[in-house]
Amino acid sequence: MRIWVLITAGFAAGCITGLFGGGGGMVLVPLLTLCPDFEEEEIFPASLAVMTVICMVCLGLRAMEGALPWKEALPYLLGSAAGGALAGTV
């Protein structure tokens, strides 16, 4: 059962992120709580790892379409990296 919960959770997160450009983690975290093998403190890092892969796939697909506005996104990338680093150390 565990493998199907994980596959379904990843699929749902991928669909949400692909359709909306984000938000898959909000689906993934509650679904991962259904897996008894995960400790509570492991769920969020596991979700981040899965979302990193999903975001990289979505980014690659958009890059192949030529739809990446790097110049416009750079200020957000810098700010989000700083915010993620700060929040990750707390």
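Structure first, text after, so check above.
The structure displayed is predicted, hence computed values, not measured ones.

Q: Describe the side chain of Thr 17, with residues and values.
A: Its place among the elements puts Thr 17 in helix H1 (residues 2–20). You can call Thr 17 buried: its relative accessible area is 4%. A distance of 2.9 Å separates the side chain of Thr 17 from the backbone oxygen of Ala 13, its partner in a polar contact. Setting aside residues no more than four positions away along its own chain, Thr 17 makes contact with Gly 22, Gly 24, Met 51, Ile 54, Cys 55 and Cys 58.

Q: Just give me the short version of the pattern of salt bridges, but keep the residues and values in it.
A: Inspection of every chain in the model, using the stated rule, returns one salt bridge. Note that Arg 62 is salt-bridged to Glu 65, the shortest N-O span being 3.3 Å. Of this pair, Arg 62 and Glu 65 are both found in helix H3 (residues 40–65), three residues apart, which corresponds to roughly one turn of the helix. Judged by relative accessible area, which is 40%, Arg 62 ranks as partly exposed. Among the residues examined, Glu 65 registers a relative accessible area of 54% and is labelled exposed.

Q: How would you explain the nonpolar core if you had to name every residue and give the values?
A: Val 5, Ala 9, Ala 13, Leu 28, Leu 32, Cys 35, Phe 38, Ile 43, Ala 46, Met 51 and Ile 54 together form the largest nonpolar core, which totals eleven residues. At the level of elements, H1, helix H2 (24–32) and H3 are the ones that each hand at least two residues to this core. Looking at this core, the element that brings in the most residues is H3, giving four residues. The contact partners of Leu 28, leaving out residues within four places of it in the chain, are Ala 9, Gly 10, Ala 13, Ser 47, Val 50 and Met 51.

Q: Could you give me a rundown of the side chain of Ser 47, with the residues and numbers involved?
A: Take Ser 47: it is sitting in helix H3. For Ser 47, a relative accessible area of 4% puts it in the buried group. Discounting chain neighbours no more than four positions away, the residues touching Ser 47 are Gly 25, Leu 28, Val 29 and Leu 32.

Q: How would you sum up the packing of H2 against H3? Please name residues and give values.
A: Where H2 contacts H3, the axes come no closer than 9 Å and their chain directions differ by 135°. Here H2 is positioned oblique relative to H3, judged by the angle of their axes. Two packed elements cross with a definite hand, and for H2 against H3 that hand is right-handed. Contacts between H2 and H3 involve Gly 24, Gly 25, Leu 28, Val 29 and Leu 32 on the former and, on the latter, Ile 43, Ala 46, Ser 47, Val 50 and Met 51.

Q: Run through H2, naming residues and quoting values.
A: Each turn of an α-helix holds 3.6 residues, which means side chains three or four residues apart point in the same direction. Among the residues making up H2, those that are buried are Gly 24, Leu 28 and Leu 32. One face of H2 carries all of its buried residues, which in axial projection span an arc of 50°. Those residues of H2 that are buried lie in contact with H1 and H3.

What counts and what doesn't
Residues numbered from 1 in each chain as written. Predicted model: local features only at pLDDT ≥ 70, side-chain atom pairs only at ≥ 80, totals over all residues. Heavy atoms only, no water. Helix = DSSP H or I, 4+ residues; strand = E, 2+ residues; numbered from the N terminus. Buried < 20%, exposed > 50% of the residue type's maximum accessible area, 1.4 Å probe, protein only. Polar contact = N/O pair within 3.5 Å; in protein donor to acceptor, adjacent residues only side chain to side chain. Contact = heavy atoms within 4.5 Å. Salt bridge = Lys/Arg side-chain N within 4 Å of Asp/Glu carboxyl O. Core = buried A, V, L, I, M, F, W, Y, C linked by side-chain atoms within 4.5 Å. Axes fitted to C-alpha atoms, helices over the stretch in contact; angles between N-to-C directions. Parallel < 35°, antiparallel > 145°, perpendicular 65-115°, else oblique. Left-handed = near helix turned anticlockwise from the far one by under 90°. Arc of directions from axis to C-beta.

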